[in-house]
Amino acid sequence: MKRKLCALFLGFGLLMAAQQVHATLGETADSVTTDRKAISAVRGATTVHTGYTVQEIVSDAVTVREYISPSGVVFGIAWNGLSSPDLTLLLGFYSGEYRKALQQTPRMRGRRFSQIKTDHIVVEKWGHMRNLRGRAYVPSLIPQGVTVDEIK
Amino acid sequence: MKSSKRALLFLILVLAAGCGSGGSSTPSVTGGNEAPASNVLPITVNGSLCSPSTSAFYLNKPCVSITICNPGTSTCQTINDILLDTGSFGLRIFKSVLSSDISLTQVASGSGSLAECAQFGGFSEWGPVQLAGVALAGEPTVTVPIQVIDPTFANISTSSTSTICPGADQGPVSAGFSGILGVGVLSQDCGSDCVTNSNIGIYYSCNGSTCSGTKVGLSSQVQNPVAFLPSDNNGVIVELPSVPSNGSPSVNGILVLGIGTKTNNVPSGVTTYNTDIFGEIITILTGTTYSSIIDSGSNGLFFTPPSTGLLPNCASNPTWFCPSSATTLSAENEGASGSPSGEVFFQIGNFDILTSSSNMVFSNIGGSSPPGLFDWGLPFYFGRNIFVGIQNTSSSLGTGPYFAY
């Protein structure tokens with residue numbers, strides 16, 4: 001039922017302009033509806049690729065792209081903008097282990113890049129002041145035939 | 001010995017010009033033991049201006065010295081170990097390195113104090129925005145909003161569990177610098193989006209220990225101090241010498257303030273690459289197109305290799321490249337609009353082999369980065385004079401924002 005709802009939601013996604021939307025890593029795409037109050041964002045474009053769909057959401061600070069598998073699960077998110085989005089929200093279930101790993105990962109000096117690996121997810125931040133970039137993904141949820149570098 | 005004498009002379013000049021009442025001397029820069037010209041800051045890459053306590057294992061670290069003063073007074077402090085960063089905008093100094101004489105003026109935000117989470121890609125800095133007198137080389141002291149980096153400000157936790165600025169740098173030793181001098185192509189660290197929106201996640205108004213997002217006018221944002229100078233304010237030139245292919249323990253260079261404003265900063269024979277609104281140009285490497293930055297604050301050449309196997313990661317240092325032999329590549333840099341374009345030859349050596357010596361400065365080290373961005377870090381600067389033109393200013397090279405070399 002959830003899956004069906006989700007497909008329906010994605011199908012009509014483009015029509016639902018100016019909504020506050022948000023989905024969570026590792027959860028089904030209908031976390032868009034349950035969490036939409038969490039961040040001030042509006043729905044952007046939805047694009048269909050081989051093996052996944054990308055749903056864009058746009059806030060004043062940052063554009064977030066959510067990578068959704070054919071079964072309706074968010075397997076990756078990527079962003080770019082003036083600041084990093086609140087990962088507590090976007091990482092959902094994984095935010096606890098992310099924070100723990102963040103605390104334990106040494107700072108790389110001279111780099112505008114950080115990589116945090118937990119048991120289940122990878123979070124990378126790069127870019128520079130005025131145009132920060134980042135991505136987070138669940139390696140075990142990436143659909144077959146899709147490469148990590150498509151999440152960008 | 002020579003360089004410490006020069007540094008001492010420089011310090012005296014800065015103190016005299018920045019904190020005294022006179023300070024209009026303009027000696028020429030002809031090397032030797034003479035003091036640098038009023039618009040010249042010495043740069044040491046892993047040299048005497050870098051603090052040993054923050055620099056261990058930190059390759060390609062360009063350091064300058066700046067002087068900050070209590071606004072409108074001659075109470076000043078000269079601070080070394082400031083990272084020269086053409087990839088950001090504005091001056092930031094750790095509170096922990098300020099002497100007890102320094103008392104800057106807090107910038108207000110409504111009924112609260114303005115604070116900032118400045119973000120740099122892989123790291124971030126938290127702390128209040130304060131007005132400081134800033135003296136660069138022998139230039140007149142200018143009053144500019146700077147960030148005082150203080151992870152405890154407003155008692156917010158910047159630990160990894162915080163929702164504001166999680167993971168912000170905790171001090172100079174872990175960050176690798178005492179401060180950052182952002183002299184890139186833009187004037188402010190946020191710009192117009194922070195003027196109209198309170199929810200950008202950069203600026204906060206703090207009352208006691210409660211901080212909430214706030215709008216900030218351009219003039220209160222932390223900004224590139226070069227743009228504030230009475231003259232020499234249209235950009236900078238970073239001049240660093242070539243480095244031998246097996247590296248060097250340290251190198252010295254200069255940061256020249258202004259472009260075409262004095263006899264020592266007249267451009268000739270360089271190509272201007274205008275950037276977009278983010279400070280990015282375009283780089284094409286073997287058919288792959290990247291957005292790119294020319295960033296003195298990055299200590300290597302960082303990009304996604306255009307084909308797998310070309311530049312393997314090191315086994316023990318997987319964020320660096322370890323090709324079995326030095327690999328020469330040719331890329332094309334383009335202005336953000338697609339022109340002009342110019343070829344760049346560069347070399348990537350084996351990081352593990354190169355760094356097995358005690359050398360700290362290398363023109364040929366690089367590492368992999370996620371897709372999309374080509375980061376021409378400090379190695380690109382060696383053996384080149386790089387002109388950094390500030391937005392909405394002009395020179396014979398054109399109107400900023402641009403890089404030229």
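Every value quoted in this text rests on a predicted model; they were computed, and no experiment measured them.

Cut-off values and rules
- Residues numbered from 1 in each chain as written.
- Chains lettered and ligands numbered in written order.
- Predicted model: local features only at pLDDT ≥ 70, side-chain atom pairs only at ≥ 80, totals over all residues.
- Helix = DSSP H or I, 4+ residues; strand = E, 2+ residues; numbered from the N terminus.
- Rg over C-alpha atoms; globule rule 2.2 N^0.38 Å.
- Buried ≥ 20, exposed ≤ 12 C-beta atoms within 10 Å, placed from the backbone.
- Contact = placed C-beta atoms within 7 Å.
- Nonpolar A, V, L, I, M, F, W, Y, C, P; charged D, E, K, R; others polar.
- Core = buried A, V, L, I, M, F, W, Y, C linked by C-beta atoms within 7 Å.
- Pairing = 2+ DSSP bridges.
- Axes fitted to C-alpha atoms, helices over the stretch in contact; angles between N-to-C directions.
- Arc of directions from axis to C-beta.
- pLDDT = per-residue confidence, 0-100.

Describing the overall build of chain B
Along chain B, the regular secondary structure elements total five helices and 26 strands. Taking 2.2 N^0.38 as the reference for a compact globule, 405 residues should give roughly 22 Å; the C-alpha atoms of chain B span a radius of gyration of 21 Å, in line with that estimate. Projected onto its principal axes, the C-alpha coordinates of chain B cover approximately 60 × 50 × 40 Å. Counting every position in chain B, which comprises 405 residues, the buried fraction comes to 54%. For chain B, long-range pairs separated by at least 24 residues make up 68% of all intrachain contacts whose partners lie at least 6 apart in sequence.

Side note on the overall build of chain A
In terms of regular secondary structure, chain A is built from four helices and seven strands. Going from N to C terminus, chain A has its helices and strands arranged as α-α-β-β-β-β-α-α-β-β-β. Within chain A, the fraction of its 152 residues that count as buried is 45%. If you take every contact in chain A between residues at least 6 apart in sequence, the share linking residues at least 24 apart comes to 44%.

Topic: the interface of chain B and chain A
In this assembly, 45 residues from chain B lie in contact with 32 residues from chain A. Broken down by secondary-structure element, the contributors of at least two residues to the side of chain B that touches chain A are helix H3 (172–175) and strand S22 (373–376) of chain B. Class assignment of the residues belonging to the side of chain B that touches chain A gives a composition of 17 nonpolar, 22 polar and six charged.

What to know about the nonpolar core
Across soluble globular proteins, nonpolar side chains show a tendency to be buried alongside one another. Counting 146 residues, the largest nonpolar core has Val-64 and Phe-403 of chain B as the members making the most contacts within it. With near-sequence residues (within four places) excluded, Val-64 of chain B lies in contact with Leu-41, Ile-43, Leu-49, Ile-82, Leu-84, Leu-181 and Leu-255 of chain B.

Some points on the sheet that holds strand S5 (residues 113–117) of chain A
Residues and elements named next belong to chain A. Taken together, the seven strands give an open sheet; going across it, the order is S1-S2-S3-S4-S7-S6-S5, and neighbouring strands pair in antiparallel fashion. Lying at the two open borders of the sheet, with one neighbouring strand each, are strand S1 (42–49) and S5. On average, each strand axis in the sheet is tilted by 15° relative to the strand beside it, whichever way the strands run. As paired elements, strand S4 (residues 74–81) and strand S7 (residues 131–137) share six bridges and run antiparallel to each other. Bridge pairing in S7 links Trp-79 to Gly-134.

Observations regarding helix H4 (residues 95–104) of chain A
Residues and elements named next belong to chain A. Within H4 the residues assigned to the buried category are Ser-95, Tyr-98 and Arg-99. Buried positions in H4, seen along its axis, are confined to an arc of 95° and lie on one side of it. Tucked into the core, H4 has its buried residues touching helix H3 (87–90), S5 and strand S6 (122–128).

Here's the deal with the pairing of strand S16 (residues 281–285) of chain B
Residues and elements named next belong to chain B. Taking burial as the measure, the five residues of S16 include four buried ones, the bulk of the element. Bridge count for S16 against strand S17 (residues 288–294) is five bridges, and the pairing is antiparallel. Note that in S17 the partner of Leu-285 across the bridge is Thr-288. Counting the residues that bridge the hairpin from S16 to S17 gives two residues, and of these Thr-286 lies at a positive phi of roughly 45°. Pairing analysis gives four bridges linking S16 to strand S19 (residues 327–334), with the strands arranged antiparallel. Following the sheet pairing, Thr-283 is matched in S19 by Asn-333.

Points about the sheet that holds S17 of chain B
Pairing between the strands of a sheet is mediated by backbone hydrogen bonds and can be parallel or antiparallel. Taken in spatial order, the seven strands make up an open sheet running S20-S19-S16-S17-S22-S18-S21 (chain B), and their pairing is mixed. The open sheet has two edge strands with one neighbour each: strand S20 (341–348) and strand S21 (366–367) of chain B.

A word on the environment of Arg-133 of chain A
Assignment of secondary structure puts Arg-133 of chain A in strand S7. On the neighbour-count criterion, Arg-133 of chain A (25 C-beta atoms within 10 Å) is buried. With 77 residues separating them in the primary sequence, Arg-133 of chain A and Glu-56 of chain A have C-alpha atoms 14 Å apart. Setting aside residues up to four positions removed in sequence, Arg-133 of chain A forms contacts with Asn-80, Trp-126 and Gly-127 of chain A together with Gly-372 and Leu-373 of chain B.

What about the environment of Ala-175 of chain B?
Residue position: Ala-175 of chain B is located in helix H3. Along the sequence, Ala-175 of chain B and Leu-136 of chain B sit 39 residues apart, while their C-alpha atoms lie 23 Å from each other. Contact partners of Ala-175 of chain B, with chain neighbours within four places excluded, come to Arg-107 of chain A together with Asp-169 of chain B.

Overview of the confidence of the model for chain A
Residues and elements named next belong to chain A. This prediction gives chain A a mean pLDDT of 82; 78% of its residues lie at or above 70. Counting contacts from residues 1–21, a segment whose pLDDT is below 50, to residues more than four positions away or on other chains yields 37 contacts. Across residues 33–37, confidence stays below pLDDT 50; counting only partners more than four residues off in sequence or on other chains, it has nine contacts.

Overview of the confidence of the model for chain B
Residue and element names in this part refer to chain B. The share of residues in chain B with pLDDT of 70 or more is 90%, and the mean pLDDT across the chain is 92. Here residues 1–32 is modelled with pLDDT under 50, and outside its nearest four sequence neighbours on either side it reaches 50 contacts, counting other chains as well. The ipTM, which scores confidence in the relative placement of chains, is 0.89 for this predicted complex, and the corresponding pTM is 0.89.

Considerations on unusual backbone geometry
All names here are of chain B. Cis rather than trans, the peptide bond between Ser-339 and Pro-340 has omega equal to -5°. Inspection of the secondary structure puts Pro-340 in the loop between S19 and S20. In the segment running from Gly-400 into Pro-401, the intervening peptide bond is cis, with an omega of 10°. Turning to its location among the elements, Pro-401 is positioned in the loop between strand S25 (398–399) and strand S26 (402–404).

Description of the environment of Ser-396 of chain B
All names here are of chain B. Mapped onto the fold, Ser-396 is located in the loop between strand S24 (394–395) and S25. With 12 C-beta atoms packed within 10 Å, Ser-396 lands in the exposed category. Considering only alpha carbons, one finds Ser-396 and Pro-267, 129 residues apart in sequence, at a separation of 7.7 Å. With residues near it in sequence (within four places) discarded, Ser-396 still touches Gly-260 and Pro-267.

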